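Listed here are the chains, written in short residue letters.
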Amino acid sequence: MKLSLRRITLFTADLAAMVAFYRDALDLDLVVDEPGWKEFDAGECRIALHNGKSRVGARAPKLGFYVKDVAKAKAELEARGVKLGEIKSFEKISFCDGKDPDGNAFSLTNRR
């Protein structure tokens, strides 16, 4: 299994202002436009905006690693001692969350 960092998710209570900033001020292309979820092309990694209150220090950005099969990747990482939460799914998207040794959040997801 090879992990590939595809996105960094920023939580925001003001989605419209954040979209305007990343789209208009930084001139990034909006490539996913779903209710409560926006993604911008930032080269090899995307910046995702997720509707929800941001609490700096308590809700830091989350690294999103793309994997084709979330359950398989979860099993492989757990066999290496990585602690991960339950797999959650809605529509065609599956993910599970974990934290690195410093407490930084990351997820394994089949969302491209």
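Use the structure listed above.
Rules used throughout
- Residues numbered from 1 in each chain as written.
- Predicted model: local features only at pLDDT ≥ 70, side-chain atom pairs only at ≥ 80, totals over all residues.
- Heavy atoms only, no water.
- Core = buried A, V, L, I, M, F, W, Y, C linked by side-chain atoms within 4.5 Å.
- Buried < 20%, exposed > 50% of the residue type's maximum accessible area, 1.4 Å probe, protein only.
- Helix = DSSP H or I, 4+ residues; strand = E, 2+ residues; numbered from the N terminus.
- Contact = heavy atoms within 4.5 Å.
- Pairing = 2+ DSSP bridges.

K.L.:
Talk me through the nonpolar core; I want residue IDs and the actual numbers.
P.N.:
Counting 9 residues, the largest nonpolar core is built from F65, V67, V70, A73, L77, L84, C96, F106 and L108. Elements represented by at least two residues in this core include exactly α2 (70–79) and β8 (105–109). At 3 residues, α2 tops the list of elements feeding residues into this core. Ignoring any residue separated from it by four or fewer positions in sequence, one finds L108 in contact with L3, F65, V67, V70, A73, K74, L77, L84, S94, F95 and C96.

K.L.:
How would you explain unusual backbone geometry if you had to name every residue and give the values?
P.N.:
Even without being glycine, E91 reaches a positive phi, approximately 55°. Along the chain, E91 falls in the loop between β6 (88–90) and β7 (93–99).

K.L.:
Can you break down the pairing of β7 residue by residue, with the values?
P.N.:
The element β7 is largely enclosed, with a buried count of 5 among its 7 residues. Note that β6 and β7 share 3 bridges and pair antiparallel. Considered in β7, the bridge of F90 is made with I93. Hairpin remark: β6 followed by β7, antiparallel, with 2 residues in the connecting loop; positive phi at E91, about 55°. Bridge analysis of β7 against β8 gives 5 bridges, and the strand direction is antiparallel. The partner of F95 across the bridge, within β8, is T109.

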